[in-house]
Amino acid sequence: MAFDYIWRSLWNKMDLEDKDILKIYKYRAQSSSRRLTANTTDMASASYHISNLLEKMTSSDKDFRFMATNDLMTELQKDSIKLDDDSERKVVRMILKLLEDKNGEVQNLAVKCLGPLVSKVKEYQVETIVDTLCTNMLSDKEQLRDISSIGLKTVIGELPPASSGSALAASVCKKITGRLTSAIAKQEDVSVQLEALDIMADMLCRQGGLLVNFHPSILSCLLPQLTSPRLAVRKRTIMALGHLVMSCGNLVFIDLIEHLLTELGRNDNMSTTRTYIQCTAAISRQAGHRIGEYLEKIIPLVVKFCNVDDDELREYCIQAFESFVRRCPKEVYQHVPTIISICLRYLTYDPNYNFDDEDEDDNAMDAEQNDEDYQGSDDEYSDDDDMSWKVRRAAAKCLDAVVSTRHEMLPEFYRSVSPALVCRFKEREENVKADVFHAYLSLLKQTRPAQSWLADPDAMEQGDTPLTMLQSQVPMIVKALHKQLKEKSVKTRQCCFNMLTELVNVLPGALTQHIPVLIPGIIFSLNDKSSSSNLKIDALACLHVIMVTHPAHAFHAHVPALVPPVVACVGDPFYKITSEALLVTQQLVKVIRPLDNQSEGSDSFDPSPYINDLFTCTIRRLKAADIDQEVKERAISCMGQIICNLGDRLPTELPGTLLIFLERLKNEITRLTTVKALTMIAGSPLKIDLRPVLPDAVPILASFLRKNQRALKLCTLAALDILLRNYSSAVTPVMVDAVLAELPPLISESDMHVSQMALSFLSTLAVTHPSSLGQLSGGNILQQLIALVRSPLLQGGALAAMLDFYQVKGRMGFMFLDQYRDADWSRYSQSAALPHKQAYCSIAKCVAALTRACPTEGPAVVGQFIQDVKNSRSTDSIRLLALLSLGEVGHHVDLSSQPELKTVILDAFSSSSEEVKSAASYALGSIAVGNLPEYLPFVLQEISSSKRQYLLLHSLKEIISSASVSGLKPYVESVWSLLLKHCECQEEGTRNVVAECLGKLTLIDPETLLPRLKGYHAVSSSYARSSVVRQNCIGDFLKTLEDPDLNVRRVALVTFNSAAHNKPSLIRELLDSVLPQLYNETKVRKELIREVEMGPFKHTVDDGLDLRKAAFECMYTLLDSCLDRLDIFTFLNHVEDGLKDHYDIKMLTFLMLARLSSLCPSAVLQRLDRLVEPLRATCTTKVHAYSLQNSVKQEFEKQDELKRSAMRAVVALLTIPEAEKSPLMSEFQSQISSNQELAAIFDSIQRDSSSANMESMDNQLKDDIFP
């Protein structure tokens, strides 16, 4: 009572705005009061609160209804809310009632409530909602129809996806479908038809797989609408049919296509013909993998309609061609020349304008030409009724599609398409011109991946290559672009800059002769006040790329014109322009004073007039503290370049600038960029004086070595190394000690790149400050070095840095070999052994490096090694290390003075340890390299007389691999004869070693030895043929793929795989003849499968398995090296067979399938239904109960890995757009979701694949650090 009295008193004294505020206050106060009285249990509280809201929704005040509905929506969005049956019924009834509310805002809120409500109520309540919405959609009230249509779309959008197998989604969709089909068939009310078609399209897109039984009736009601007199109805019908074909069955799809073909053949009405062409294109876009087999009937009809004098029809026909090209690459292949011809014809179709080509050609290259008349010409010839520009635009887009998808036709494109596109750069319609530019950009981008093999000097292709053809067309391209660079249109100029950027990326240096023509156009855009920010950024980016990819002398004549606009852009208030301009400024500094001696004309060009302007604009940005982070970093890099290249011309400015660098070095945000800049300055050949800042800078740099930022540590080590090299006199022992204190944690196997940089620093320190290394002996750094040497991960650059360090220390007179040997070797004097053979190899290399660096200790060390091998009490680990060390030392030092060395090593061949025997074989070969006249005849004699040919042949292989060509030539004939004698050895391992030796030996004198290998193919022994096949001429060796012996064919495939991987240019032109033989080897041959009895059991042996495996390995390699030469659909046929083969083959084909999903998604999508079934069979295979009891652990692991590999292929397939819309794939997804084991594997692989995208970032770190 008191509340109502206060309310009435205040109400009578307020204006309208205050009354609204008071209503909100009253609403909130009443809600809070009732919520407090109902706060007993959660369920009771929720029910009471909902009841309270429902009561307010019946208020006559629209504001109360709005606020109550809004609160209800908030409650429904909470995951914790639970409604009883009565509350569900009341809420549903109220929301449906509010859909008819007189207030539009309340209606909108009620529609929004439907989304969360669907997931909170039971299925029968959802059906009630759908029934009501469908009924309201047929209402005579337009507002109610609209709001109900929105409500239905909201409900459909909230249903679980079809792949989840939800019963609710299936039930709701089926209920909606019947109502919609009848509404679509109702011809009287067009607005109802439009809404129903819109909802039908949305439902088919989201839940089409659940409506398979309704697809025939849906098709029956949609097809008549294609002839509707209302164009809007036709368009929405086409949209619905496009979504229908993604999930419908084959019978429905055939009915639809046959109907379209019949109507197109009849051609009763031009308007409906346009509609049918549009519908065909839409079907192709949505389900191109299904329409491909009908293209033979469709394309001739479309070609015929292209000749009809109807611009709109021509546009639709060319759009259909574009769809066919993109979605049906295999089936459309034979029609591509026709499509290109049509597109080239209509690319120039402009009946309302006649270009004066002759005048344009006469004036195009005039750099001083006045372009005002041309710039104003667009408006003069504009025609609002002209539709021909749409035909030209469609032709440009279709050519873009052809160029993007037919990589193998690049030479043809450069002969026919490229000149035509260049000629159309003068297009008068801006949108069409942009599409022409985009098509040419696609052509350039298609050319880029091919550079690696097209530029190969050993490539076997004859005639013009795309790169050479592009090179010849550069003058024509520049001529066409010249006038466009001064166009009024911002969009046109942006396209020009993008094209120039891509052109120089494809052909670096191609514009050297055309710089004078292009620079004025770039400057025009930089100075033009009407230029947008994006245009200036594109112009600066283009200028930067051109300057990077062309010699400095080409720009010297244009520096006076370039510096003012670039300096102005550095001062631009927009940070992105400033950032890009600083990049250009940095490159401009390299242009005006290149530091490399090879730069032509660098001595004759005087940079003095420009130094002050460049320095002033950069220092202003360097000093500013309130600028964007990117600008800060670019300013630091640019100033670093200025000091590096021009520091000797800035004597007064240099000290102050270095102090600014010191401040930036202390800032956590800018320190990494500053370290890079200091590294650049310290490495300058101008010997910039950094002594004033070194006392403060070096301790700061030392502190960075303990930071967690890996890039910072790497850059800091590089900076310290260059400072030591170039400023050793200014680096005091105190500074060195500060750095050495931080080094031990960095020398670790956990990060080999950081370890390598740390070791390089120590090597430099040993040269510049030898006294500082005296503290290493017995210190933490030495212990870390020894631990790193024993790591199996020490290889490559890190191992080379380690060897350099030990050699430098030895040369500097640090005689600590005994300490090192005691620390390392005594550890293995008992039975202990290193966990990996690589550790022994690393230790042996380090010991050899120390021995070579300390020649006075060498003989004693070698003698000790020999004794270690001879000693019967030595463990295998000691013998292994001693033999490897002898080999490493003997490789560089003549050990012929050790009389018992040969006997000791030959005795080691009889060791019981395979690793010791292998080490002895390596040691003998490596020692022989140090003195060929002494040891090579000995090795050849032993091979001829001994029974240990396998080990001795390995020694011979080491000699051939490592010895100099001049040293080996006198022995070639004797070695050759010996090897041929062992070609026919029955042991495959021996034959493989002989093959490697023959190949390496042939490279020493190919003119003489290669013909001998060819002649050896005719021998009768298959063992001999398999030994020589590896090293024959490619054309001849491919004939061995038809050899009757399985082993010869297998070795031929292994060699083919090696060639495809390492030298693809050798086999590219031969693929047409080789691929049929390769594919033939992927087939399972029943005659090669036999049964072997093992006691009471029978075991199946497949003698052709190794051959098939070699063939599939070749196929996988060809995906990377020769993809453009493969017929992907033929390739997929054999991949499909491999999915049903042996375990090893399946693993390979799963990898291929994942690779193909990213390389050729359209082709894989067309075969998706055939690929899913073998994947499903692999994933759902179960081990029988009997097998469970008798299988070993390895078999379980094998089967599990097979499932995981198949699931990886599934995840890769799902990355293809529209793959999940396939009915079979959708069904398989539901099966995975319902199986706990498969769902867990699927989720795990999805997480792994998303995290794997981050791994490539580390691979680019080195490029980021050392640009």
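Residues numbered from 1 in each chain as written. Predicted model: local features only at pLDDT ≥ 70, side-chain atom pairs only at ≥ 80, totals over all residues. Heavy atoms only, no water.

To be explicit about the condition: UniProt positions are given in the numbering used here, feature names are shortened, and annotations may be inferred rather than shown by experiment.
Taking an unreviewed UniProt entry as the reference, the protein is identified by name as Cullin-associated and neddylation-dissociated 1 belonging to Sphaeramia orbicularis. Turning to the protein, the UniProt annotation filed under Subcellular location (unreviewed entry) states: "Nucleus".

Concerning the overall build of the protein
The criterion, for reference: We count a stretch as a helix when DSSP gives it H or I for four or more residues in a row; a strand needs E for two or more, and each element gets its number in order from the N terminus. The cut-offs for exposure are 20% and 50% of the maximum accessible area for each residue type, with area from a 1.4 Å probe on protein chains only; residues under the lower value are buried, those over the upper are exposed, and the others partly exposed. Pairs of residues are marked as contacts when any of their non-hydrogen atoms sit within 4.5 Å. Areas reported here follow the Shrake-Rupley algorithm with a probe of radius 1.4 Å; residue values treat only the protein chains shown as occluding.
Looking only at helices and strands, one finds 67 helices and 2 strands in the protein. For the protein, with 1267 residues in total, the buried portion stands at 54%. Counted over contacts in the protein with a minimum sequence separation of 6, partners at least 24 positions apart contribute 73%. Put simply, the protein shows about 56,200 Å² of open surface, and 50% of that area lies on carbon and sulfur atoms.

Comments concerning helix α56 (residues 1071–1080)
The test is simple: It is the directions from the helix axis to the C-beta atoms whose arc is reported.
Considered for burial, the residues of α56 that qualify are L1071, V1074, L1075, L1078 and Y1079. For α56, the angular spread of the buried residues around the axis is 130°, confining them to a single face. Those residues of α56 that are buried are in contact with α55 (1046–1062), α57 (1105–1121) and α58 (1128–1138).

Let's talk about the environment of P508
Checked against the element boundaries, P508 lands in the loop between α26 (490–506) and α27 (515–527). P508 gets classed as exposed once you look at its relative accessible area, which sits at 55%. Expressed as a C-alpha distance, the spacing of P508 and V548, which sit 40 residues apart in the sequence, is 8.8 Å.

With respect to α26
What counts, and what does not: An expected span of 1.5 Å times one less than the residue number is assigned to each helix. Think of a polar contact as two N or O atoms within 3.5 Å of one another; within protein, one of them needs to be a possible hydrogen donor and the other a possible acceptor, and neighboring residues in sequence only count if both atoms come from side chains.
Between the first and last C-alpha of α26 there are 25 Å, a value that for 17 residues agrees with the 24 Å anticipated at 1.5 Å per step. When you tally the buried positions in α26, you get 13 out of 17 residues, the bulk of the element. The N-capping residue of α26, defined by a side-chain oxygen 3.4 Å from the backbone nitrogen of K491, is S489.

Details of the environment of V545
Residue position: V545 is located in helix α28 (residues 533–549). Here V545 falls in the buried class, since its relative accessible area comes to 17%. Spatially, the C-alpha atom of V545 lies 7.8 Å from that of N505, the residues being 40 residues apart in sequence. Once residues within four sequence positions are removed from consideration, V545 is found in contact with T501, V504 and N505.

Some points on the environment of D628
Note that D628 resides in the loop between α31 (608–623) and α32 (629–646). Counting along the chain gives 52 residues from D628 to K576, while the straight-line C-alpha distance between them is 8.9 Å. Among the polar contacts listed, one links the side chain of D628 to the backbone nitrogen of E630, at a separation of 2.9 Å.

Comments concerning the packing of helix α42 (residues 837–853) against helix α44 (residues 876–892)
Counted only if it meets this: A fitted line through C-alpha atoms represents every axis, and for helices the fit uses only the stretch in contact; the resulting angles, taken between N-to-C directions, go from 0 to 180 degrees. Angle categories: roughly parallel below 35 degrees, roughly antiparallel above 145, roughly perpendicular from 65 to 115, and oblique for all the rest. Whether a crossing is left-handed or right-handed is set by the direction in which the near helix is turned from the far one by less than a right angle, anticlockwise for left-handed and clockwise for right-handed. The nonpolar class holds Ala, Val, Leu, Ile, Met, Phe, Trp, Tyr, Cys and Pro. Asp, Glu, Lys and Arg form the charged class, and all remaining residues, Gly among them, are polar.
With their axes 8 Å apart at the nearest point, α42 and α44 run at an angle of 45° to one another. Considering the angle they form, α42 stands oblique to α44. For the element pair α42 and α44, the recorded crossing hand is right-handed. For the pair α42 and α44, contact is made by Y840, C841, I843, A844, K845, V847, A848, T851 and R852 and by S877, L880, L881, L884, S885, E888, V889 and H892, respectively. Of the residues belonging to the contact of α42 with α44, the class tally is 10 nonpolar, 4 polar and 3 charged.

Describing the pattern of salt bridges
Where we set the bar: What counts as a salt bridge is simple: a side-chain nitrogen of Lys or Arg found within 4 Å of a carboxyl oxygen of Asp or Glu.
Counted according to the given criterion, the structure contains 45 salt bridges. Residue D198 pairs with K153 through a salt bridge whose shortest N-O separation is 2.6 Å. You can see D198 sitting in helix α10 (residues 190–207) and its partner K153 sitting in helix α8 (residues 142–158), a full 45 residues away along the chain. D350 is the salt-bridge partner of R392, the closest N and O atoms lying 3.4 Å from each other. A residue pair is termed long-range when its members are at least 10 positions apart, and R392 in helix α21 (residues 388–405) and D350 in the loop between α17 (336–347) and α18 (357–363) qualify at 42 residues. With a relative accessible area of 0%, R392 lands in the buried category.

Comments concerning the nonpolar core
Put simply, the rule reads: Residues belong to one nonpolar core when they are buried, are Ala, Val, Leu, Ile, Met, Phe, Trp, Tyr or Cys, and are joined through side-chain atoms within 4.5 Å.
Counting 342 residues, the largest nonpolar core has Y440, L511 and L743 as the members making the most contacts within it. Ranked by residues supplied to this core, first place goes to helix α36 (residues 710–726) with 11 residues. Grouped together as the second largest cluster of nonpolar side chains are 62 residues, A1052, M1147, L1156 and L1175 included.

Overview of the side chain of H243
Mapped onto the elements of the fold, H243 is located in helix α12 (residues 231–244). Residues within four places of H243 in sequence aside, it is in contact with A201, L204, C205 and Q286.

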